[in-house]
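Descriptive structure summary
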Amino acid sequence: MHDVRIRRQVERATGNGRLRITLAQLWYASRSSNPFSEASRPRGVRAWVRWGVALPLSAALVAVAVVAHGGVRTAAAWLVPVVLVLAVALRHRPGRGAFALVQPPESTFRALMHGAWTTTYGGLPGGVVDERRAAGTAAARRAAKARSGPPEVVLLCTDPVVARFLRENGLPNRPHTLLVTEAADRVGGTDGPRRVREALELLAGHPADGLPVVVVHDADAEGALLAPALRAAHPGRTVVDAGLRPGAVARNPRAVRRFSGASGCDAELLRTVAGLPGHEAARLAEGWWWPVAAVPPPVLAEAVTRAVEHAVTAPAPRPDRPGSPLSQGFLTWPDPTGQPQPRGASRTTGQHDPRDRSTS
């Protein structure tokens, strides 16, 4: 981590100064590594069992080699080292829980930016704001301008970092209502995932005459359930899923991977309600997730804008098929080569789909 590299990341993340980004987004962009490991089960045999069997057996074989003759003596002598080698090879390896780290840790990065960087340069890099601090008057004016006029769409965001990014840049450009969930943990309660419950309550408090809803969320268990839950609760209302798709990001080595322990959502629920394949549902249920705040800001801004335009212009779904034509995702990582996908490309496979009219 040094100032030249951070300035280079700021330039990329802000689109050469076109966007304002949050400190958390800069942290993700400036990460040096993202090591992770799947959970592993215990292997081998505990020491007291191995040596409790190997030592007496070896002693018995030595005694046989001493008193026996011919082939029996030779066999016993050869078996002694075999028993000892097996005892060593079968050593116990304890199970290890799954983990995913972002290096450097966020606390270290924030201390660096508010400490050495601010002392040297007098403040954060241009175009970077700390989302944990109150927005300034300029950001308030941009947000007020974005909300001017009757709202045309409801934007529901489950990540305060992304919500702050959208406010700072006055996105989307259409008049809108921005709703942000506040649930901090990722474990569901007895009556369902907390973020999903909170989103349903927020939307129920802002009926807005059936305006279309665009949902921005992480690729996690609750995010996968969010759009289906909203469509079921508001049949006939357009709900566009603009969040990260688990299948797309899980295959991309550039995507930031996190782990928070059991999600509280059953894999069967994710398969039946969210329509996820079995392996994706199992992974999300275990607690793996991919943060939408780690998506490169220019990609995120474009994806949200496209999703809002699609939501505003798309016909309302038939009540008997709530949201079925709007089930495609708008957001994924850039392809591994770092090149943007062509217009009209599928958001999950990167292949051109002539039926996709959402990007034309």
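Above this text sits the structure in question.
Remember, predicted model here, so these are calculated numbers, not experimental data.

Observations regarding the side chain of Arg 5
Within the element layout of this structure, Arg 5 appears in helix H1 (residues 3-13). With no salt bridge to any partner, buried Arg 5 finds its closest opposite charge in Asp 3, at an N-O distance of 11 Å. A polar contact is formed between the side chain of Arg 5 and the backbone oxygen of Ser 30, at a distance of 2.7 Å. Apart from the residues within four sequence positions on either side, Arg 5 is in contact with Ser 30, Arg 31 and Ser 32.

As for H1
An α-helical turn contains 3.6 residues, so any two residues separated by three or four positions project in the same direction. Among all positions of H1, only Arg 5, Ile 6, Gln 9, Val 10 and Ala 13 are buried. Angularly, the buried residues of H1 cover 140° about the axis, an arc narrow enough to put them on a single face. Away from its buried face, by an angle of more than 90 degrees, H1 presents the exposed residues Val 4 and Arg 12. Contacts from the buried residues of H1 go to strand E1 (21-22), helix H2 (23-29), helix H5 (106-121), strand E4 (128-129) and helix H13 (297-313). Directly beyond the C-terminal end of H1, a positive phi value near 60° is found at Gly 15.

What to know about the nonpolar core
Counting 73 residues, the largest nonpolar core has Leu 26, Val 214 and Leu 270 as the members making the most contacts within it. At seven residues, the largest contribution of residues to this core is made by helix H9 (residues 221-233). Leaving out residues up to four positions away in the same chain, Leu 26 has contacts with Ile 6, Gln 9, Val 10, Ile 21, Phe 109, Met 113 and Val 128.

Brief notes about the pairing of strand E7 (residues 213-216)
Burial of E7 is two-sided: the residues Val 213 and Val 215 facing one way and the residues Val 214 and Val 216 facing the other way are all buried. The pairing of strand E5 (residues 153-157) with E7 spans four bridges and is parallel. Bridging from a neighbouring strand, Val 154 pairs with Val 213 of E7. Of the strand pairs in this sheet, E7 and strand E8 (residues 239-241) are connected by three bridges, and their pairing is parallel. When the bridges of E8 are listed, Val 213 appears paired with Val 239.

Considering the packing of helix H3 (residues 47-67) against helix H4 (residues 70-89)
Interaxial distance between H3 and H4 falls to 8 Å at its minimum, and their mutual angle equals 165°. By the criterion of interaxial angle, the relationship of H3 to H4 is roughly antiparallel. Considering the relative orientation of H3 and H4, their crossing is left-handed. When H3 is examined against H4, the residues Arg 50, Trp 51, Ala 54, Leu 57, Ser 58, Leu 61, Val 62, Val 64 and Ala 65 are found in contact with a partner set consisting of Val 72, Arg 73, Ala 76, Ala 77, Leu 79, Val 80, Val 83, Leu 84, Ala 87 and Val 88. When the residues that make up the contact of H3 with H4 are grouped by side-chain class, the tally is 16 nonpolar, one polar and two charged.

Considering helix H7 (residues 160-168)
Within H7, seven of the nine residues are buried, which leaves the element mostly enclosed by the surrounding structure. Here H7 has its buried residues at Val 161, Val 162, Ala 163, Arg 164, Phe 165, Leu 166 and Glu 168.

Here we look at a positive patch on the surface
A contiguous patch of positive charge on the surface is contributed by Arg 43, Arg 91, Arg 93 and Arg 96. Examined against the element boundaries, Arg 93 turns out to sit in the loop between H4 and strand E3 (99-100). Under the relative-accessibility criterion, Arg 93 is labelled partly exposed at 30%.

A look at the pairing of E5
Most of E5 sits inside the fold, with five of its five residues counted as buried. The alternating pattern of E5 places Val 153, Leu 155 and Cys 157 on one face and Val 154 and Leu 156 on the opposite face, and all of these are buried. For E5 and strand E6 (residues 176-180), the ladder comprises five bridges, and the chain directions are parallel. For Val 154, the partnering residue across the bridge sits in E6 and is Thr 177. Traced from E5 through H7 to E6, the parallel crossover comes out right-handed.

Focus on the packing of aromatic side chains
Using the criterion set out here, one finds four aromatic pairs in the structure. Seen in terms of ring centroids, Trp 27 and Tyr 28 are 4.6 Å apart; in terms of plane orientation they differ by 35°. Their pairing is tilted. In terms of burial, Trp 27 and Tyr 28 fall into one category: buried. Measuring from ring centre to ring centre gives 4.9 Å for Phe 259 and Trp 288, while their planes differ by 55°; the resulting arrangement is tilted. With a gap of 29 residues between them, Phe 259 in strand E9 (residues 258-259) and Trp 288 in strand E10 (residues 288-289) connect regions that are remote in the sequence. On the basis of relative accessible area, Phe 259 is assigned to the partly exposed category, the value being 25%. Residue Trp 288 is classed as buried on the basis of its relative accessible area of 1%.

The rules behind the values
Residues numbered from 1 in each chain as written. Predicted model: local features only at pLDDT ≥ 70, side-chain atom pairs only at ≥ 80, totals over all residues. Heavy atoms only, no water. Helix = DSSP H or I, 4+ residues; strand = E, 2+ residues; numbered from the N terminus. Buried < 20%, exposed > 50% of the residue type's maximum accessible area, 1.4 Å probe, protein only. Lys, Arg positive; Asp, Glu negative; His and termini not counted. Salt bridge = Lys/Arg side-chain N within 4 Å of Asp/Glu carboxyl O. Polar contact = N/O pair within 3.5 Å; in protein donor to acceptor, adjacent residues only side chain to side chain. Contact = heavy atoms within 4.5 Å. Arc of directions from axis to C-beta. Core = buried A, V, L, I, M, F, W, Y, C linked by side-chain atoms within 4.5 Å. Pairing = 2+ DSSP bridges. Axes fitted to C-alpha atoms, helices over the stretch in contact; angles between N-to-C directions. Parallel < 35°, antiparallel > 145°, perpendicular 65-115°, else oblique. Left-handed = near helix turned anticlockwise from the far one by under 90°. Nonpolar A, V, L, I, M, F, W, Y, C, P; charged D, E, K, R; others polar. Patch = residues over 30% accessible without salt bridge, like charges linked within 9 Å, V, L, I, M, F, W, Y side chains within 5 Å. Areas by Shrake-Rupley, 256 points an atom, 1.4 Å probe, with all protein chains shown as cover. Charge placed at Lys NZ, Arg CZ, Asp CG, Glu CD. Right-handed = clockwise from strand over helix to strand, strands pointing away. Phe/Tyr/Trp six-rings, centres within 6.5 Å; stacked < 30°, edge-to-face > 60°.

Scope: geometric values only; no functional claims are made or implied.
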